Amino acid sequence: MFEWLGISAVNPALLWGSLAVASPIIIHLLSKRKFKVVDWAAMDFLIEADKRNRRRVRMEQLILLLLRCLACLLIALLVARPFFSSQGLASAMLADSSFERIIVIDDSPSMQLQSDGKITFDEMKKGLVTFVRDLSRERSRDTLTIRLTSEPDKPTLDGASLTADNVENIVQTLEELKPSDLPANLGPALLAVEKSFEETSGPTNRIVYVITDMRKRDWGNLAPPAAPAEGAPATTPEAAPPESTESNKDQDVAGIIKRLSEKTSEFMVVDVGAEATENLSVVGIVARNKAIVRGVDAEFAVLVRNSGTLTANDVELVFGAGESVEKRARIEAIAPGETLAVPVQFKFEEIGSVPVTVSLPADPLPPDNTRHFAARVREGISVLVVNGDPSSDKERSETYFLKVALRPSDRVRLGFAVEEVTENQFEAMDISRFQVIILANLYRVTEDRAAALDRWVNEGGGLIFYLGDQVDDAAYNTTLYKDGKGLIPARLESVRGDETERTWIHLDIEDANHPVIGNFADELLRPPAASVKMVRWWHLVVDVEALKAGKVSVPMRFGDTDNAPAFVEQGYGRGRVLMVGTPIDGDWNDWPNFASYLPIAAMYAEHMARDTVGEGTILTGMPINYVVDPTRYLLEGTIRPKLADAAANEPTSVAAESIEEGKRLVIQYPNVKRAGFYNLELTTRDNQPTGVLYAANIEGDEGLLVKVNEDEFRKRMGDANVKLVSGQASLNAGTTGARSEFWRTVLIALAIALCLEQFLAWSFGRRR
């Protein structure tokens, strides 16, 4: 109605009630009766007085009639709910010509929560479709931009027009949206909105909507920064973080919203999240071993958390590995907030990559009921032994007893895959595939090899030095120790002991709780073990300050007058380094003759080994990085996803790129956005195909469904122009605002008209 004015109504059919305005007129007309005129002399005086008052009475009656007609008209308007639309003369006086509407959608896994048979994300899409169609009818000059938190820098829609011709394309885009496996990156998404304001010039009026389930884990700490103590400076140079660093901005979601609210006509946070009373999550699969070895029981701990508010009873956990028969474990009860480590043992019979999936029964949040693990089954813990003193007589070789300790016989499997090389061979070989490297009586390490070892240990490798008579102490101290800043934890001073082997010393336990030494403390300190004879040894000097600070540890010492360190360890990056002041063979001691030798040598190798079990398991949003050994593989490969979503299983060609000034070749695949398995297919130099398996999972905290406290949120926002609304119906709040309804004005006018009519009727009647 009145399209040229831009005025319409929510219930236009009820405007027919305005015809009731005729009622007062009809009543007024019917009230006029016809009288017979009779002349009467006494009436002449009354007629003369009536003529004088007739004009005033007619005016009073007309005023009352108009007020009654107006009341009928206002009642009809009130029930019809009139509004000003975006077109016409009326809107020009009340609103800008157009709005830029920016919608940020939380599409994280928690948005798949089911409540009363409805999925939060699907219901959100339905509400958005209705919202967009209403806007298209009433605000066709507005534009729409949609950003997903999973892809903050890539708008799904960018300034799409809400015209009738375009609205169905927008609706189709909305209906095709799917929840992602990535966390809700609210900070980066809002920063992308802020950046777009700076880069583009759009309508003067902008409205931002953030549609989210309001999970506390996505919003961080809503508490405002603490005020400094009275009399204290606001900041100190040491404590004050850079004011505008990206990392600080990303973490303070509330702060970004407050900034944006100053640049927008309206900022709305739409809470579409449902409450969940129950939810179980598989938050991790932890391998107890340093490597998954063929034919040896692998021990796993499956971490299950109850993120709901109810105790879960009699829960069945299913462990599936490849095509093997599934193993099942039962959880009797798990209380709210509790995390249980469920033990599972599984024996892998084939070498290679095996996909492992652990699942729980269905509950309101399906995505966190399943977790994946890439089991890379090996022949054993990969050990590189560098023999610094080889011999044609194998029993006199430096590493003979060590290899016996790691591989006692073909029938006894301790889980080690040992490769032995000489010093010259070691200099040029690729070491990235090994978990532990043992340098046995090595003469020296060149600068280039030391740099490679430094990188390898920093990335998690375990390095063991067994020192003997071939060692060049000056080279070790210069290249490896570097005044306490290098790879090895102690400085080599000199060789001590009796060259005639007529006197000897024993070993003393320094750390009886050491995970390796502690198991054999009694055996080493009591006869006959205490009779282990050390006739010569390297005197190692450990920095006292590093020892006090815990950077260096000495689990075992020599029993000489100086009580010199025998075993010295230090953490180095993500790896560890061990120095032993005596050789691993029997030249300077008779330890190989005793029962403690074999298990300590083997257990120390396992203790120091890099943990490779979890290397193939990543979180969604993380890249796949694989270091390629160019001597073994071609430099091109293929990433083949194995996901539930068939459309996402298209293979991608990848190629190795040079990094670190050409020192390493790495295949990088940055697009791990979906949970599931990814197989890196490579080809060996002799044209044999091989695969490296990766498993991607959603973040374990996605199952934490605790919502933001509304009072805390409002307090944090303060007087900022930010509205917090709840429920799917609130998505239409913007449409209602665009219509500019004025029923309240109509109601006030109706009340005034009725009151005025009553007052005037009483006043006019009294005067008559």
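The rules we used
Residues numbered from 1 in each chain as written. Predicted model: local features only at pLDDT ≥ 70, side-chain atom pairs only at ≥ 80, totals over all residues. Heavy atoms only, no water. Core = buried A, V, L, I, M, F, W, Y, C linked by side-chain atoms within 4.5 Å. Buried < 20%, exposed > 50% of the residue type's maximum accessible area, 1.4 Å probe, protein only. Helix = DSSP H or I, 4+ residues; strand = E, 2+ residues; numbered from the N terminus. pLDDT = per-residue confidence, 0-100. Contact = heavy atoms within 4.5 Å. Disulfide = S-S within 2.5 Å. Pairing = 2+ DSSP bridges. Axes fitted to C-alpha atoms, helices over the stretch in contact; angles between N-to-C directions. Phe/Tyr/Trp six-rings, centres within 6.5 Å; stacked < 30°, edge-to-face > 60°. Lys NZ or Arg CZ within 6 Å of the ring centre and 35° of its normal. Patch = residues over 30% accessible without salt bridge, like charges linked within 9 Å, V, L, I, M, F, W, Y side chains within 5 Å. Areas by Shrake-Rupley, 256 points an atom, 1.4 Å probe, with all protein chains shown as cover. Salt bridge = Lys/Arg side-chain N within 4 Å of Asp/Glu carboxyl O. Expected span 1.5 Å × (residues − 1). Arc of directions from axis to C-beta. Parallel < 35°, antiparallel > 145°, perpendicular 65-115°, else oblique. Nonpolar A, V, L, I, M, F, W, Y, C, P; charged D, E, K, R; others polar.

**Some thoughts on the nonpolar core**
In this structure, Val383, Val436, Phe558, Phe567, Trp591 and Tyr604 are the most contacted members of the largest nonpolar core, which totals 40 residues. With 7 residues, helix H16 (residues 597-608) is the single largest residue contributor to this core.

**Focus: the confidence of the model for the protein**
In the predicted model, the protein carries a mean pLDDT of 83, and the fraction of residues at 70 or more is 82%. In the predicted structure, residues 1-6 sits below a pLDDT of 50 and forms 18 contacts with residues beyond four places in sequence or in another chain. Taken as a whole, residues 734-739 scores under 50 in pLDDT and shows 16 contacts with residues more than four places along the chain or in a different chain.

**Overview of the state of the cysteines**
Under the counting rule described, the total for this entry stands at 0 disulfides. Cys72 supplies the cysteine sulfur nearest to Cys69, a cysteine that is in no disulfide, at a spacing of 6.6 Å.

**Digging into the pairing of strand S18 (residues 381-387)**
Within S18, 7 of the 7 residues are buried, leaving the element largely enclosed by the surrounding structure. Of the two faces of S18, the one carrying Ile381, Val383, Val385 and Asn387 and the one carrying Ser382, Leu384 and Val386 are both buried. With 7 bridges joining them, S18 and strand S19 (residues 416-422) adopt parallel strand pairing. Residue pairing in the sheet places Ser382 in a bridge with Ala417 of S19. Strand direction decides the pairing type here: S18 and strand S20 (residues 436-440), joined by 5 bridges, are parallel. Bridging across to S20, Asn387 finds its partner in Ala440.

**Quick look at the pairing of strand S26 (residues 565-572)**
Most of S26 sits inside the fold, with 7 of its 8 residues counted as buried. Two elements, strand S25 (residues 552-558) and S26, share 4 bridges in a ladder whose sense is antiparallel. Across the sheet, the residue bridging to Arg557 is Pro565, located in S26. If you look at the hairpin formed by S25 and S26, you'll find 6 residues sitting between the two strands, and Asn563 has a positive phi there, around 50°. Pairing analysis gives 6 bridges linking S26 to strand S27 (residues 575-580), with the strands arranged antiparallel. Bridge assignment links Gly571 to a residue of S27, and that residue is Arg576.

**Points about the sheet that holds strand S8 (residues 205-212)**
Neighbouring strands of a sheet are bound in pairs by backbone hydrogen bonds; such pairs are parallel or else antiparallel. As summarised here, the arrangement of the 6 strands in space is S7-S6-S3-S8-S9-S35, forming an open sheet in which the pairing is mixed. The open sheet terminates on both sides in strands that have one partner only, identified here as strand S7 (157-161) and strand S35 (722-726). When strand polarity is set aside, the average angle formed by the axes of neighbouring strands in this sheet is 20°. Relative to S7, strand S6 (residues 143-148) runs antiparallel, the two sharing 3 bridges. Paired with Thr143 across the strands is Ser161, a residue of S7.

**So, the sheet that holds strand S13 (residues 312-321)**
If you trace the 5 strands from one edge of the open sheet to the other, you get S11-S17-S16-S13-S14, paired in mixed fashion. A single partner strand is all that each edge strand has here, and the edge strands are strand S11 (292-293) and strand S14 (327-334). Of the pairings in the sheet, the one linking S13 to S14 comprises 7 bridges and is antiparallel in character. The residue bridging Asn313 from the neighbouring strand is Ala333, located in S14.

**Some remarks on unusual backbone geometry**
The phi dihedral of Asp314 falls on the positive side, at around 50°, and the residue is not glycine. Within the element layout of this structure, Asp314 appears in strand S13. A positive phi angle is found at Asn687, which is not glycine, with a value near 65°. For Asn687, the position within the fold is in the loop between strand S33 (676-683) and strand S34 (689-697).

**Some points on the environment of Glu636**
Residue placement: Glu636 occurs in strand S30 (residues 636-642). Assessed through its relative accessible area of 53%, Glu636 is described here as exposed. The spatial distance from the C-alpha of Glu636 to the C-alpha of Ile667 is 8.4 Å, given a sequence separation of 31 residues.

**Thoughts on the packing of aromatic side chains**
Tallied over the entire structure, the rule returns 15 aromatic pairs. Between Phe567 and Tyr604 the ring centres are 5.6 Å apart and the planes differ by 35°, which places this aromatic pair in the tilted class. Of this pair, Phe567 sits in strand S26 while Tyr604 sits in helix H16, and the two are 37 residues apart along the sequence. A network of ring pairs unites the aromatic residues Tyr400, Phe401, Phe567, Trp591, Tyr597 and Tyr604 as a single cluster. Of note, Arg101 hangs over the ring of Phe99, and the distance from its end group to the ring centre comes to 5.4 Å.

**Points about a nonpolar patch on the surface**
On the surface, Met59, Leu62, Ile63 and Leu66 cluster together into a nonpolar patch covering about 370 Å² of accessible area. Assignment of secondary structure puts Ile63 in helix H2 (residues 43-80). By relative accessible area, Ile63 is classed as partly exposed at 32%.

**Focus on helix H5 (residues 164-175)**
Under the 1.5 Å per step criterion, the end-to-end length of H5 is 17 Å for 12 residues, consistent within 8% with the ideal 16 Å. All of the buried residues in H5 are Val167, Ile170, Val171 and Leu174. On an axial view of H5, the arc spanned by its buried residues comes to 100°, and they lie on one face. Buried positions along H5 lie against helix H4 (120-138), S6 and S7.

**Points about the packing of H4 against H5**
Between H4 and H5, the least distance of the axes is 10 Å, while the angle of their chain directions is 170°. Relative to H5, H4 is oriented roughly antiparallel. The residues of H5 that touch H4, namely those facing Lys125, Leu128, Val129, Val132, Arg133 and Ser136, are Ala164, Val167, Glu168, Ile170, Val171, Leu174 and Glu175. Along the lines of polarity and charge, the residues of the contact of H4 with H5 split into 8 nonpolar, 1 polar and 4 charged.

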